Amino acid sequence: MTDASVLGATKPAPVETEALTLMLGDRVLLDRATLRVERGQVLAITGGAGSGKTALLGALAGRLPAGVDMAGSARIDGHLLIAQGGRLAPRRPLALQVAEVVGHHLGLDLRSSLRRMADGLDRMGVPAAARRFDLPPEQLPEQLRWACLFAMAVAVGPAVLLADAPAAGLDPTVRLRLLHRLADWARADGVALVLAGRPEDGLAGPADRVLALRRARLLPPSPARTEPLAPLEQPGAARLHARGVGMSYPLAPGPRGEARSLAVLHGIDLDVRTGETLALLGETGSAKATLARSLLCLPPPTAGAVVWMGRDLMAASAPPAAADGRGDGRGDDPDRGGLRRARRDLQPLFPDPAASFDPAMTLGAQFGLVLESLRPDIAADRRDHRIDEALEEAGLRPEAALRWPSALSVAEAAHAGLARAILSEPRVLIADEPASSLSAEERETFLDTLMAVRDRRRLSLVLATERYDEGLRDAHRGVVMLAGRVVESADAGTLRTAPLHPYSRAMLAAAQGERPALEGDAPSAFAQPAGCPLRRRCPLAREFCAQAVPTLEEVAPGHHVACHYWDTPTDG
């Protein structure tokens, strides 16, 4: 492929390839790639797992993976490679590693190396109080470890920086903040920056150009789908209600033996209507997954009430009182409080479906047990037919019933999890990041299948995800969560285009590849600040934010926000 920027260029660029081809045996990893990256330019190369991104960066860095043969040419100036996973040597203080890397490249002593490292951390937005040169990498928070890696590259100042899956695994708002700072440095210092990662990692945002690896060719990326799969029907009446739902987990006793607990959910009120899709949105530590499981009473929340079709599920989930011969005899009721009916109506989708299957049983055998437990009204001789129907509706062939869980691919396991969930003909699906382990193409296929099942059965769907745009794309409403509280709720269109809470705005910016207007890192659940949990990162924060947790108030019909200063301009 001929990159458009080659035309008319005369000066040598720091990165140039001509018909670069990589072969692993008979498999083509890269097919005749011609590209050029200028000084101060940021190039993003995206592709799914196994697309050849790591092999391409290895070829550019002169470190081809074992067994890979190269044809064509690749020329690169003095470079650094940040390998996939951001590896640093374990159990060695960061200061020694800085001295080795920076000192090796620039011939500096420890003091001068650390001074340059400190300048790099400034450019990555790491405050002085967070700099822990005396600690080994494994004792650093993940986001600080990545900031240190980037700062080390800034300290060296190479002509070219290659980064394989940079900051992957971080929350979107944290990842995009770091990537934008890295791109700013590259442009300011005239460094050619090549970022490689999955399409969903947001690399396109800080990049000047984006190329996608598809079928071993470097091509312009396909536009992402932003509209719902089909027009959404209007939902009906509310049937699932959460009132004041809270969840606390016991901790070890205090120094004086006092009981202690950690509250992770705080008084959540929620209604889910018939045929409605509700997106629960939030990053790590938001407790969206805890809320999703609380709606299923898996486990039951420690405060409040969850009511399905007029039944209190928390009461139904409580263990029966000890039978002493004087009760009403309900202790032996196989469906005490209607819990079996509720389990049939409310079905979960798990983030790791493969791990939720019994490895010692075929899918068909496990599905048969589900029907035996939740649908005893279906005769045994009709169960196989019901299983085949569910598999086909979920995008699998009926023969999948004969397979063992270990023989399934990650994508097949996700579709099998969907088939199991619809076996009992539920009314509500509650999904906790059901596609988190899938590649971009696999995830889109799975979510399209999920939405088709939803529409065909007119199911209610609660979808918990950190992917802001993806969660809202096929939803009626969205609920944004932060530190176990709802900070904004509105219809999906409003949250996609005009959210009001600073955290919602930051998630939307990250989803669009823009720089989120949040600084610093999210606090630990064990050390939440007083008042608003966002105040140490928020551009709108004032002194009053430390004095009271904002309450959820209605700012427009159906639009609720929990922020003291939601209507204050950012420039103050």
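As a reminder, the structure under discussion sits directly above these lines.
A.B. asks: Residue-level account of the packing of aromatic side chains, with values.
C.D. replies: Applying the stated criterion across every chain yields a total of two aromatic pairs. Each ring, one from W146 and one from F150, has its centre 5.8 Å from the other, and the planes form 45°; the classification is tilted. Here W146 and its partner F150 are both found in helix 4 (residues 142-156), four residues apart, which amounts to about one turn of the helix. Overall, W146 belongs to the buried group, its relative accessible area being 1%. Overall, the relative accessible area of 0% leaves F150 in the buried class. Aromatic side chains F357 and F367 sit 6.4 Å apart centroid to centroid with 40° between the ring planes, which places their arrangement in the tilted category. On the criterion of sequence distance, the pair formed by F357 in the loop between strand 15 (346-349) and helix 9 (363-374) and F367 in helix 9 is long-range, its members being ten residues apart.

A.B. asks: I'd like a description of the environment of D69, backed by residues and values.
C.D. replies: With respect to the helices and strands, the residue D69 is situated in strand 4 (residues 68-76). Beyond its immediate chain neighbours, meaning those up to four positions away, D69 contacts T21, L22 and M23.

A.B. asks: Would you mind going over the pairing of strand 5 (residues 79-82) in detail, with residue names and values included?
C.D. replies: Of the two faces of strand 5, the one holding L80 and I82 is buried and the one holding H79 and L81 is not buried anywhere. Two elements, strand 5 and strand 6 (residues 160-164), share four bridges in a ladder whose sense is parallel. Within strand 6, the position partnered with I82 by the bridge is A163.

A.B. asks: If you had to explain the nonpolar core to someone new, which residues and values would you point to?
C.D. replies: Nonpolar side chains tend toward joint burial in soluble globular proteins. Counting residues in hydrophobic clusters, the biggest one holds 44 residues, and the most contacted among them are L94, M117, M124, W146, F150, L161 and L182. Of all the elements in the fold, those that place two or more residues in this core are strand 3 (42-46), strand 5, helix 2 (94-106), helix 3 (110-123), helix 4, strand 6, helix 5 (172-189) and strand 7 (192-197). Per-element accounting of this core gives the leading share, twelve residues, to helix 4. Apart from the residues lying within four places of it in its own chain, the contact partners of F150 are I82, M124, P166, A167, L178, L179 and L182.

A.B. asks: Which residues make up the sheet that holds strand 2 (residues 27-37), and what values go with them?
C.D. replies: Ordered in space as 2-1-4, the three strands form an open sheet in which the pairing is antiparallel. Every other strand in the sheet has two partners, leaving strand 2 and strand 4 as the edge strands with one partner each. The average undirected angle you get between the axes of adjacent strands in this sheet is 5°. Bridge count between strand 1 (residues 15-24) and strand 2: seven bridges; the pairing is antiparallel. The residue bridging L20 from the neighbouring strand is A33, located in strand 2. On top of the sheet, helix 1 (residues 53-60) reaches strand 1, strand 2 and strand 4; it is set at about 125° to strand 1, its chief contact.

A.B. asks: I'd love a proper account of unusual backbone geometry, names of residues and values included.
C.D. replies: In this model, L298 is joined to P299 through a cis peptide bond whose omega is -5°. Assignment of secondary structure puts P299 in the loop between helix 6 (288-295) and strand 13 (303-308). A positive phi angle is found at A167, which is not glycine, with a value near 60°. Tracing the sequence through the fold places A167 in the loop between strand 6 and helix 5. Phi angles above zero are rare outside glycine, and A216 is one such case at about 70°. If you trace the backbone, A216 turns up in the loop between strand 8 (209-214) and strand 9 (217-219). On the basis of relative accessibility, which here comes to 12%, the residue A216 falls in the buried class.

What counts and what doesn't
Residues numbered from 1 in each chain as written. Predicted model: local features only at pLDDT ≥ 70, side-chain atom pairs only at ≥ 80, totals over all residues. Heavy atoms only, no water. Phe/Tyr/Trp six-rings, centres within 6.5 Å; stacked < 30°, edge-to-face > 60°. Helix = DSSP H or I, 4+ residues; strand = E, 2+ residues; numbered from the N terminus. Buried < 20%, exposed > 50% of the residue type's maximum accessible area, 1.4 Å probe, protein only. Contact = heavy atoms within 4.5 Å. Pairing = 2+ DSSP bridges. Core = buried A, V, L, I, M, F, W, Y, C linked by side-chain atoms within 4.5 Å. Axes fitted to C-alpha atoms, helices over the stretch in contact; angles between N-to-C directions.

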